[in-house]
Structure formats: structure tokens, C-alpha cells
Amino acid sequence: MSAYITQKQISYFISVLHKAGKSNNTIISYSKNIEKLVLFLNGSELSKSQMVAYKKWLLDKGFKHRTINTYIAAANYFCEIMEWQNMKLKLEPLRYEELQEHMQISSEDYKKLVYTALQNDKERLAMMIQVLCHTGIRFCELSHLTVEALKNGYIEVIRKNQNIKLYIPEILKDDLIKYTDNEQIMSGMVFRTKNGNTVNRSNFRRELKKLCMQAGIEKTVGTTQCVKNVVLNTYPYFGLKD
């Protein structure tokens, strides 16, 4: 069976991601990652040896192991959908310094981040950090946090083709309602850009890194993952300023 990657196959792959309930940001990321594989193949047929060569190519280009794993994971998922199971590769073991970057932030750092965000009138950023810490929602699922979800008291997300309800703590829900009132958000997504789009992961990471500097946090905690890894319900809640 031919294993040339065609645009038709990529379109089918994207449709599968949509049906699986993946967010637009996740789908865009997967698509770009597959484009990277197509760029490497340069018209050649995909094979296990080509996948191995692709990983080596990424390593030679100086990508971090975590980034390489992102590319390989997308390629593996694509192979799985195309039923090319024998081409899938194991992910790269992470280096110690990369693991350090993704450690959980401490309670003290969490307090500094939220307090500093509120003091600098970054209410959306402060609220996003607390939602990620106190609800168990993933960044790619933030579009599911809507005004309608607030009224229900929970966020519905799809994980592994299962509907999951993430309940919003009452005190957090009250302040999210206050936030939507202040921002005049009557329906739809709670966290959005000025143009009404979903918040971009890269922009959030950039804001978070800047916030870390303002908060005087010396270690590198300015990543989406570090916030997502905070142990739930063990950190205090900071209300919006009146």
C-alpha cells in the first residue's frame, strides 16, 4: 500500500481531529507539524526508515527534545489514522533541564503571579491562571469556558471521545461572572481577544513570562505547562479588585 502523504489524506486527518473534539489551536498545531514532515519528505514516500531519518533531521536542526516529541507525536497520530502503525516511533527521552522547565510552580510563586497580574490591571491573565489551577481545564479547552457554562456551574469538554464535566468553584464562578460583566461579555467564550478570537497559547506564554519577571520569580516558570501542572485546589483564590 502506497504511503505517500497527499493533501486529501491531510484533509481527512484534520476532519478526524475535528470529530475528536480537538480545539482549533490544537488542529492548527497538528497541521503545521504534518507540514514539517511533508517538507522533510520532499515528495518521497513515508516509511519507518524515513521516520527515523526525520527524527534525526530534527535533532540535527537543534530542536529541543520536547519540541521533537511534539513533531513525532503528530506524525505518529497521523500514521495511526492512516493505519500505518508500523511506522510509529518512540518519543525522545527528555533532558533534565527540559524536565525542570515543566515542574510545578510553588504556592508562593502562584501567589506572586496572580497578585502581580491584578496589581498591573491584567485581570484576564489573573483569572486565566486561577481557572487553569482550580478547575483542571487544559489551555486548549479554555474556549469551552463560556458565559453559558458559568450559568450551569461547570465546563463540558471532550477527552478521548468522552464528555467530561469540570465543576467551577463557587467563589471562582462569582468572580468570572463579575469579569464578564466588566468586559461586557454577554455570551460565548469568557476569555477572548479584542477581536473576539480565542486566546493564543503563544501570546499567553509570552504574557506569563513577562509576568514572571514583574513578579520577581527568578526560575523559569513562564510556560503554559507550569500553570497547568499546579496541584488543584491547594492554592488560595484571589478575587477581582472592586
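Residue numbering note: each chain is counted from 1, following its sequence as written. Under the rules for a predicted model, residues below a pLDDT of 70 receive no local features and side-chain atom pairs below 80 are neither given nor counted, while totals for whole chains, interfaces and linings still include all residues. Neither water nor hydrogens contribute to the side-chain values; these are computed over all heavy atoms in the structure.

Elements are defined by DSSP. Helices are runs of H or I of four residues or more, strands are runs of E of two residues or more, and each kind is numbered from the N terminus. What the protein chain contains, in helices and strands, is 11 helices and 2 strands. When the helices and strands of the protein chain are read in sequence order from the N terminus, they spell out α-α-α-α-α-α-α-α-β-β-α-α-α. Every accessible area reported is derived by Shrake-Rupley at a probe size of 1.4 Å, with residue values counting cover from the shown protein chains alone. For the protein chain, the accessible area works out to roughly 13600 Å², and carbon and sulfur atoms hold 49% of it.

What follows covers the packing of aromatic side chains. One pair of aromatic rings is described through two measures. These are the centre distance and the angle between the planes. Only the six-membered ring of Trp is used, alongside the rings of Phe and Tyr, when aromatic pairs are assigned; centres must lie within 6.5 Å, and planes under 30 degrees apart are stacked while those over 60 apart are edge-to-face, with the rest tilted. Scanning the model with the defined rule gives 12 aromatic pairs in all. Aromatic pair F40 and Y54: ring centres 5.5 Å apart, planes at 45 degrees, arrangement tilted. One end of the pair, F40, is in helix 2 (residues 24-41); the other, Y54, is in helix 3 (residues 48-60), and 14 residues separate them in sequence. Accessibility classification places F40 together with Y54 in one group, the buried group. An angle of 40 degrees between the planes, with centres 5.3 Å apart, marks the rings of F40 and W57 as tilted. Of this pair, F40 sits in helix 2 while W57 sits in helix 3, and the two are 17 residues apart along the sequence. Exposure classes here rest on a 1.4 Å probe applied to the protein chains alone. A residue is buried below 20% of its type maximum, exposed above 50%, and partly exposed in between. A relative accessible area of 23% places W57 in the partly exposed class. Through successive ring pairs, a cluster of aromatic residues spans F13, Y30, Y77, F78 and W84.

The subject of this paragraph is the pairing of strand 2 (residues 162-167). Strand pairing requires that DSSP identify at least two bridges connecting the strands. For strand 1 (residues 154-159) and strand 2, the ladder comprises 6 bridges, and the chain directions are antiparallel. In the strand pairing of strand 2, Y154 is matched with Y167. Connecting the antiparallel pair strand 1 and strand 2 is a turn made up of 2 residues, with K160 showing a positive phi of about 55 degrees.

We now examine the environment of S31. When you line up the elements, S31 lands in helix 2. Residue S31 is classed as buried on the basis of its relative accessible area of 13%.

All right, on to unusual backbone geometry then. For E83, which is not a glycine, the phi torsion comes out positive at approximately 65 degrees. By the secondary structure assignment, E83 is in the loop between helix 4 (65-81) and helix 5 (96-101). Backbone geometry places Q184, a non-glycine residue, at a positive phi of 55 degrees. Looking at the secondary structure, you find Q184 in the loop between helix 9 (170-182) and helix 10 (201-215).

By convention in these notes, a salt bridge is any Lys or Arg side-chain nitrogen within 4 Å of a carboxyl oxygen on Asp or Glu. For the coordinates displayed, the defined rule picks out 6 salt bridges. Note that K56 and D60 form a salt bridge whose closest N and O atoms lie 2.9 Å from each other. Placement of both K56 and D60 in helix 3 is noted, with a separation of 4 residues, approximately one turn of the helix. Of the residues examined, D60 reaches a relative accessible area of 56% and is grouped as exposed. Between E207 and R124 there is a salt bridge, and its shortest N-O distance comes to 3.3 Å. Taken together, the residues span a long stretch of sequence, with E207 in helix 10 and R124 in helix 7 (residues 123-135) at a distance of 83 residues. Overall, the relative accessible area of 25% leaves E207 in the partly exposed class.

With that settled, consider the environment of Y54. Accessibility expressed as a relative area gives 0% for Y54, which makes it buried. Sequence-wise, Y54 and I72 are 18 residues apart; in three dimensions their C-alpha atoms are separated by 8.7 Å. The contact rule is simple, with two residues in contact once any of their heavy atoms fall within 4.5 Å. Aside from chain neighbours lying at most four places away, what touches Y54 is N33, K36, L37, F40, Y71 and I72.

Each axis is a line fitted through C-alpha atoms, taken for helices only over the stretch in contact, and angles between the N-to-C directions span 0 to 180 degrees. Closest axis-to-axis distance for the helix 2/helix 4 pair is 9 Å, and the angle between their directions is 90 degrees. Comparing the axis directions of helix 2 and helix 4 gives the class roughly perpendicular. Residues Y30, N33, I34, K36 and L37 of helix 2 touch helix 4, and the partners they reach there are T70, Y71, A74, A75, Y77 and F78. Of the residues assigned to the contact of helix 2 with helix 4, the class counts are 8 nonpolar, 2 polar and 1 charged. What sets the label is the angle itself: under 35 degrees gives roughly parallel, over 145 gives roughly antiparallel, 65 to 115 gives roughly perpendicular, and the rest give oblique. The nonpolar class holds Ala, Val, Leu, Ile, Met, Phe, Trp, Tyr, Cys and Pro. Asp, Glu, Lys and Arg form the charged class, and all remaining residues, Gly among them, are polar.

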